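Analysis of the macromolecular model
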Amino acid sequence: MAAGSWSLVKELFTAGAAEFLTEIRRVHHGERLGEFAATWFANPRPVARQFLFDYLDQPLNCYRHEALVKRLFKLAEKAGDDEVMGAFLVAFDRSIRRVKHTRIQSMKTENFRDRAAAEAAVENWIREGFSDANVNSMFQRRFYASAVKSVEVIVTPSNTKMPRPSNPKRDAGLSDAQRTKYEKRYLLFSVLTRRYLRRRVWRYFRKLGAMEPERYLRAAMRFLPRYRDDDIASERQLLDNWGLMNALFHGCSALRFRARGVAFAEGKTIADLHFAPRFEEVWKANSEALFTLMLEAKCRAVRKWARDGLKLHHEAWLASLSATRLLMLVDSRDAEVSALGFALLDAARDLETIPVEQWLRRLDGDDLDALARFSDFLKRRLDPARISNEDALRLATHRSRPVAELGFAIVQTKTWPDPHGLLPLADAECEPLRIHMIPWLRKHLQSRGSVTSDWVLTFLDSRHEDVRETGFRLFASDVSPDAALWSKLMESPYDDVRLRLFMLMDRWRQTEPQTVRGLWAGVLTNIHR
């Protein structure tokens with residue numbers, strides 16, 4: 001398939017169609033792309049601006065897009081467009097990723113007159129830390145021994161610069177197969193250029209912070225949430241983000257900032273990083289900004305940094321937050337942010353202002369850790385009187401053990417005028433807790449008087465075998481023959497119910513012959529229906 005159609009790109013851009021981004025990445029005409037930069041940047045439509053952010057959110061690996069990227073960058077810089085410059089900051093940070101590489105540090109070679117001497121030498125070299133040892137036969141009965149000592153180093157790949165056409169005027173672009181191959185292997189610009197670009201875009205924000213701190217804060221609130229967890233998949237990748245490291249840790253003594261990149265100081269590790277941003281005073285004065293980043297940042301490193309800043313400079317402010325706002329922390333998918341929310345919520349004085357429905361809604365999820373934390377918290381802090389009997393039963397029958405334990409504890413504190421209300425416990429989902437619930441339910445029912453047929457039917461209709469076993473005990477000991485009940489149970493889908501019923505029929509045959517005779521007639525009728 002040929003390169004992208006330029007006329008189609010212009011048509012999609014004018015229409016604001018979502019396919020524009022895919023199609024422009026397939027265009028390989030450098031001159032046209034460079035000319036289009038001014039048109040794109042100047043377009044006032046929100047969709048055109050969103051296209052720009054979406055374009056910069058993808059890798060800078062489109063063949064012959066150097067002119068487009070450079071001109072967009074210069075236009076944003078000249079216009080003082082903080083938001084677009086923030087998108088460039090993130091894009092240029094992502095453009096450099098160092099890799100581990102094994103490098104030969106030293107090598108040993110020697111000729112020997114016999115194989116035994118060669119192998120003995122190789123064994124000594126291996127003890128000295130060498131590897132890849134070999135002994136090879138040579139002419140005139142001589143033996144050649146060799147070994148190398150390798151070391152693992154971190155390097156920036158130098159062969160990632162996107163190839164350029166030998167004759168741009170005649171270049172017709174790449175096929176889709178070639179383009180895909182290039183995109184996987186190459187990036188725009190040389191490593192030196194990419195280093196320069198990320199320093200230059202950070203310099204823009206450094207000047208902005210020095211002259212207009214509040215404007216810098218607003219800009220940072222836009223570019224920091226653009227970083228994602230996959231931008232910092234390792235300690236090495238964290239250091240590769242020049243702009244991010246300057247924004248978050250410029251004043252951290254554990255780091256060394258050099259033109260080639262960021263490195264840890266001697267003996268320091270990621271554990272030594274602490275809240276030390278550039279323009280720290282502006283962050284100290286804006287607790288709300290840090291709170292927002294802690295909630296909304298897509299990158300764990302940014303969330304942790306914001307959390308550390310709040311705990312360091314805004315501890316009293318955090319303690320003054322309402323329970324409603326603390327629940328925003330509790331609901332975070334970040335376990336550390338959620339844990340902070342629970343710790344602060346435990347000391348909150350306005351928990352009663354949170355409607356019970358909000359607490360119960362949070363107990364319906366699938367995150368087991370969050371359910372356990374919520375259940376434990378509500379056991380300690382929620383007044384059981386605020387929970388209705390129906391809600392208590394719903395919690396007790398929950399599939400998650402922490403939630404079920406909370407619900408069952410509340411159920412046992414309630415008054416139940418009608419014992420029928422407790423029968424839903426027979427369908428409790430949590431098996432480890434159900435073995436405690438059912439004996440309690442049976443005892444409670446029996447304390448209310450004679451066991452009724454509908455109670456027994458609830459137990460014997462349960463899909464849980466242990467509950468049906470309890471039903472049989474009630475049925476055999478406390479219930480007199482009831483033709484209506486027996487007829488219902490004979491149609492049970494459970495084999496254990498039907499078989500044990502037939503056994504009980506024989507036991508009651510002497511005392512209730514007419515009833516048993518009628519039941520057997522019903523059985524035979526059903527069999528030969």
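Residues numbered from 1 in each chain as written. Predicted model: local features only at pLDDT ≥ 70, side-chain atom pairs only at ≥ 80, totals over all residues. Heavy atoms only, no water.

Describing the pattern of salt bridges
Proximity of charged atoms lets side chains of opposite charge pair with each other. For the structure on display, the rule yields 34 salt bridges. Residues arginine 94 and aspartate 57 are paired through a salt bridge, measuring 3.0 Å at the closest nitrogen-oxygen approach. Separated by 37 residues along the polypeptide, arginine 94 in helix α6 (residues 82-94) and aspartate 57 in the loop between α4 (46-56) and α5 (66-79) bring together distant segments of the chain. One salt bridge in this structure joins aspartate 466 and arginine 434, with 3.2 Å as the shortest N-O distance. (Salt bridge = Lys/Arg side-chain N within 4 Å of Asp/Glu carboxyl O. Helix = DSSP H or I, 4+ residues; strand = E, 2+ residues; numbered from the N terminus.)

Brief notes about the packing of helix α14 (residues 287-296) against helix α15 (residues 300-313)
At a minimum axis distance of 8 Å, the contact between α14 and α15 shows a crossing angle of 145°. Crossing of α14 against α15: the hand is left-handed. Residues Ser287, Leu290, Phe291, Leu293 and Met294 of α14 form the contact with α15, whose participating residues are Arg303, Trp305, Ala306, Arg307, Gly309 and Leu310. (Axes fitted to C-alpha atoms, helices over the stretch in contact; angles between N-to-C directions. Left-handed = near helix turned anticlockwise from the far one by under 90°. Contact = heavy atoms within 4.5 Å.)

Topic: helix α17 (residues 323-330)
Restricting attention to buried positions, one finds in α17 the residues Ala323, Leu326, Leu327, Leu329 and Val330. Considered in projection along α17, the buried side chains sweep an arc of 150° and stay on one side of the axis. On the buried face of α17, the contacting elements are α14, α16 (315-319), α18 (335-345), α19 (356-361) and α20 (368-381). (Buried < 20%, exposed > 50% of the residue type's maximum accessible area, 1.4 Å probe, protein only. Arc of directions from axis to C-beta.)

Looking at the nonpolar core
Ranked by internal contacts, the top residues of the largest apolar core, which has 135 residues, are Trp40, Phe205 and Trp283. Looking at this core, the element that brings in the most residues is α6, giving eight residues. Within the second largest apolar cluster, 10 residues are counted, among which are Phe112, Trp125, Phe130 and Phe143. (Core = buried A, V, L, I, M, F, W, Y, C linked by side-chain atoms within 4.5 Å.)

As for the sheet that holds strand β2 (residues 131-137)
Two pairing modes exist for strands in a sheet, parallel and antiparallel, and in both the strands are linked by backbone hydrogen bonds. Pairing in this open sheet of three strands is antiparallel, and the strands run β1-β3-β2 from one edge to the other. Whereas interior strands pair on both sides, the edge strands pair on one side only; in this sheet they are β1 (99-112) and β2. Here the strands of the sheet are splayed against their neighbours by 20° on average, with no regard to which way each runs. For β1 and strand β3 (residues 143-155), the ladder comprises 13 bridges, and the chain directions are antiparallel. Its bridge partner being in β3, serine 106 is matched across the sheet by lysine 149. Helix α7 (residues 115-127) rests against β1, β2 and β3 of the sheet, and its axis sits at about 170° to β2. (Pairing = 2+ DSSP bridges.)

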